[in-house]
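# Geometric and topological summary
Residues per chain are reported as follows:
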Amino acid sequence: MNIWLAVFLFLHVMGAIIAFGPVFSFPIIGAMGGKEPQHANFATRVTKAIAAQRVFPLAVFQGITGVALILVTGIDLLATRWLLVGIVLYLIILGYNVFIGTPTVQKVVEMTSTPPPPGASGPPPELLALIRRIQLGGMFSAIMIALIVFLMVVKPQF
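Residues numbered from 1 in each chain as written. Predicted model: local features only at pLDDT ≥ 70, side-chain atom pairs only at ≥ 80, totals over all residues. Heavy atoms only, no water.

## Some words on the overall build of the chain
- From N to C terminus, the chain includes five helices and zero strands.
- When the helices and strands of the chain are placed in sequence order, the string is α-α-α-α-α.
- Here the chain holds 158 residues, and 27% of them are scored as buried.
- Counting every atom, the chain has about 10,100 Å² of accessible surface; 75% of that belongs to carbon and sulfur.
- Each charge sign in the chain was given a centre, from 9 positive and 4 negative side chains, and these centres are 5 Å apart. (Helix = DSSP H or I, 4+ residues; strand = E, 2+ residues; numbered from the N terminus. Buried < 20%, exposed > 50% of the residue type's maximum accessible area, 1.4 Å probe, protein only. Areas by Shrake-Rupley, 256 points an atom, 1.4 Å probe, with all protein chains shown as cover. Lys, Arg positive; Asp, Glu negative; His and termini not counted. Charge placed at Lys NZ, Arg CZ, Asp CG, Glu CD.)

Shown next, in the form of structure tokens:
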């Protein structure tokens, strides 16, 4: 095996594990915050910090190491549909989380940073709608990640 192939493959696989592994814990953190409203803001900020410090930078790193692997192996990108589909899915999930997911989480952090007004009975409907958007986005992201991993491992010919 070419040394550069081994290096970039190692970095690509380790990057995927470190970047996307925590994403599958976000629903647990969110559910715990939801059951203890006094900790909901903290749970949301923890999730946001993990995403900002690990998930997003290493998701970008995935793209860089992926391009390096394509260059080192000399794969004909246009003739490799599984890889093209994986790249398109990667760009969709990255774009979704940059332009929709992250701003939505930021809004939830802002809305939960102050105590509710006296006499409030439960969270406001706007907050519940944002939380639902985050949940659906998380499910979307998890499915996309699983599909990308499937494509990278199985390399189906279609």
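## Considering the layout of surface pockets
- In this structure, the second largest pocket spans a volume of roughly 840 Å³.
- Every residue lining the second largest pocket is counted, 29 residues in all, and those nearest its centre are His12, Gln62, Leu69, Leu83 and Met152.
- Sorting the residues of the lining of the second largest pocket by element identifies helix H1 (3-20), helix H3 (40-73), helix H4 (81-111) and helix H5 (125-154) as the ones contributing at least two each.
- In the lining of the second largest pocket, the residues fall into 22 nonpolar, six polar and one charged. (1 Å grid on protein atoms, 1.4 Å probe; cavity = no way out; pocket = protein on both sides within 12 Å on 5 of 7 lines; lining within 4 Å. Points joined across faces, edges and corners; volume = space filled by probe spheres on them. Nonpolar A, V, L, I, M, F, W, Y, C, P; charged D, E, K, R; others polar.)

## Some details on a nonpolar patch on the surface
- Judged by side-chain polarity, Met1, Leu9, Phe10, Val13, Met14, Ile17 and Ile18 come together as a nonpolar surface patch covering roughly 700 Å² of accessible area.
- Assignment of secondary structure puts Val13 in helix H1.
- Given a relative accessible area of 42%, Val13 falls into the partly exposed group. (Patch = residues over 30% accessible without salt bridge, like charges linked within 9 Å, V, L, I, M, F, W, Y side chains within 5 Å. Salt bridge = Lys/Arg side-chain N within 4 Å of Asp/Glu carboxyl O.)

## Observations regarding H3
- Taking 1.5 Å as the rise per residue, H3 with 34 residues should run 50 Å; its terminal C-alpha atoms sit 46 Å apart, in good agreement.
- Roughly 40° is the biggest bend found in H3, and it falls at Ala51.
- Of the positions making up H3, those classed as buried are Asn41, Ala43, Thr44, Thr47, Val55, Ala59, Gln62, Thr65, Gly66, Ala68, Leu69 and Ile70.
- As for H3, its buried residues are in contact with H1, helix H2 (26-35) and H4.
- Positive backbone phi, at 70°, marks Gly74, one or two positions downstream of H3. (Expected span 1.5 Å × (residues − 1). Bend = angle between axes of the 7 residues up to and from the residue. Contact = heavy atoms within 4.5 Å.)

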